[in-house]
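A structural walkthrough
Spelled out from the first residue to the last, the chains are:
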Amino acid sequence: MVTRATDFSRKIIEKYSKNALVAVDATMGNGHDTLKLAQNLMPNSKLYAFDIQEEAIEKTREKLINSDLSCDNYELICDGHQNLDEYINEAISFAIFNLGYLPGGDHEKTTKWSTTKEAISKVLKKLDGNGLLAIVVYPGHEAGSEEATGLTSYLSNLDQIDFSVMKLEVINQINMPPFVYLIERGNQ
Ligand code: SAH
């Protein structure tokens, strides 16, 4: 059973990243999604992961070094995901954003709508024909609420000929639970 949005993101990685040639974890955090991707991708895939905190890079690197990976062609980048085009030249087959702040970390270092928007528009430009972008959104804190509002409006306005946007949400939880947006390139 999948009952939490964070479980959705794990399932989405398992199900949709298998054949991804180029995958992006835009928010490394504690490295759970990066590890899952490195275990799920093909040996010849390439994985890029971003975070602005050195601490996140170190935690993630430790996790990757101590695990069996199916893809060890990864780059852990200490920079904002809004600069991803400085690092990625290829088309992107799979990208995931797990927004918000690190649980137990500095709440000031949360993702913000202005930079999230820049990063997402860059991913959409680079998304290949069968690519998928997954975004886990946390509307239950102040910056998160602003981010959720901005993101919802931005994604709602994408032309349906270019992209298809789906929302996965739990509808019987209190306190504004996280939800997921899935974006695919249209095939017309
Ligand atoms: N909310 C999730 C964890 C999110 S972690 C959960 O509950 O599991 C979000 C990560 O994004 C943090 O590690 C933070 O440092 C990082 N981050 C914030 N702004 C960023 C940016 N512009 N580019 C890349 N990473 C960023």
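Scroll up to find the structure.
Residues numbered from 1 in each chain as written. Predicted model: local features only at pLDDT ≥ 70, side-chain atom pairs only at ≥ 80, totals over all residues. Heavy atoms only, no water.

1. Considerations on the packing of helix α2 (residues 32-40) against helix α3 (residues 54-65)
In plain terms, the rule: An axis is simply a line fitted to the C-alpha atoms; with a helix, the fit covers only the stretch in contact. Between two such axes, the angle follows the N-to-C directions and lies from 0 to 180 degrees. Strands here are runs of E lasting at least two residues and helices are runs of H or I lasting at least four, both read from the DSSP assignment and numbered beginning at the N terminus. Convention used here: angles under 35 degrees read as roughly parallel, angles over 145 as roughly antiparallel, angles from 65 to 115 as roughly perpendicular, and any remaining angle as oblique. For a crossing to be left-handed, the near helix must be turned anticlockwise from the far one by less than a right angle; the clockwise case is right-handed. By definition, residues are in contact when any of their heavy atoms lie within 4.5 Å. Amino acid classes used here: Ala, Val, Leu, Ile, Met, Phe, Trp, Tyr, Cys and Pro are nonpolar; Asp, Glu, Lys and Arg are charged; the rest, including Gly, are polar.
Direction vectors running N to C along α2 and α3 enclose 30 degrees, while the axes themselves pass 9 Å from each other. Here α3 runs roughly parallel to α2, going by the angle between their axes. Handedness of the crossing formed by α2 with α3: right-handed. Contact residues: H32, T34, L35 and A38 in α2; T60, K63 and L64 in α3. Per-class residue counts for the contact of α2 with α3 are three nonpolar, three polar and one charged.

2. So, unusual backbone geometry
Condition: Only protein chains enter the accessibility calculation, which uses a 1.4 Å probe; a residue is then buried when its area is under 20% of its type maximum, exposed when over 50%, and partly exposed in between.
One non-glycine residue, N175, lies in positive phi territory at about 65 degrees. By secondary structure assignment, the location of N175 is in the loop between β6 (163-169) and β7 (179-185). The exposure class of N175 is exposed, given its relative accessible area of 65%.

3. Quick word on the sheet that holds strand β2 (residues 46-51)
Stated precisely, the cut-off is as follows: Whether two strands pair comes down to DSSP finding at least two bridges between them.
Overall, mixed pairing links the seven strands, which are arranged β3-β2-β1-β4-β5-β7-β6 in an open sheet. Since the sheet does not close on itself, it has two edges, and those belong to β3 (74-78) and β6, each with one partner. Averaged over all neighbouring strand pairs, the angle between strand axes comes to 15 degrees, with direction disregarded. The sheet strands contacting α2 are β1 (22-25), β2, β3 and β4 (92-98), and the helix crosses β1 at an angle near 165 degrees. Lying over the sheet, helix α4 (residues 113-126) contacts β4, β5 (127-137), β6 and β7, oriented at roughly 155 degrees with respect to β5.

4. Describing the pattern of salt bridges
Keep this limit in mind: Note on definitions: salt bridges are taken to be side-chain nitrogens of Lys or Arg within 4 Å of carboxyl oxygens of Asp or Glu.
Following the criterion strictly, the structure yields eight salt bridges and no others. Two residues, K46 and E75, come together in a salt bridge whose shortest N-O distance is 2.7 Å. With K46 in strand β2 and E75 in strand β3, the pair connects residues that are 29 residues apart, well separated along the chain. Residues joined by salt bridges that share partners form a network here, namely D85, E118 and K122.

5. What to know about the packing of aromatic side chains
The description of an aromatic ring pair rests on the distance of the ring centres and on the angle between the ring planes. Heads up, the rule is: By convention, a stacked pair of Phe, Tyr or Trp rings (six-membered ring in the case of Trp) has centres within 6.5 Å and planes under 30 degrees apart, an edge-to-face pair has planes over 60 apart, and any other such pair is tilted.
All chains considered together, the criterion is met by three aromatic pairs. Taken together, a centroid distance of 5.7 Å and an interplanar angle of 75 degrees make the contact between F50 and Y87 edge-to-face. Of this pair, F50 sits in strand β2 while Y87 sits in the loop between β3 and β4; the two residues are 37 residues apart in sequence, bridging distant segments of the chain. Since its relative accessible area comes to 0%, F50 is described here as buried. On the basis of relative accessibility, which here comes to 28%, the residue Y87 falls in the partly exposed class. Arranged with centres 5.2 Å apart and planes meeting at 80 degrees, the rings of F179 and Y181 form a pair that is edge-to-face. When sorted by exposure, F179 lands in the same class as Y181, which is buried.

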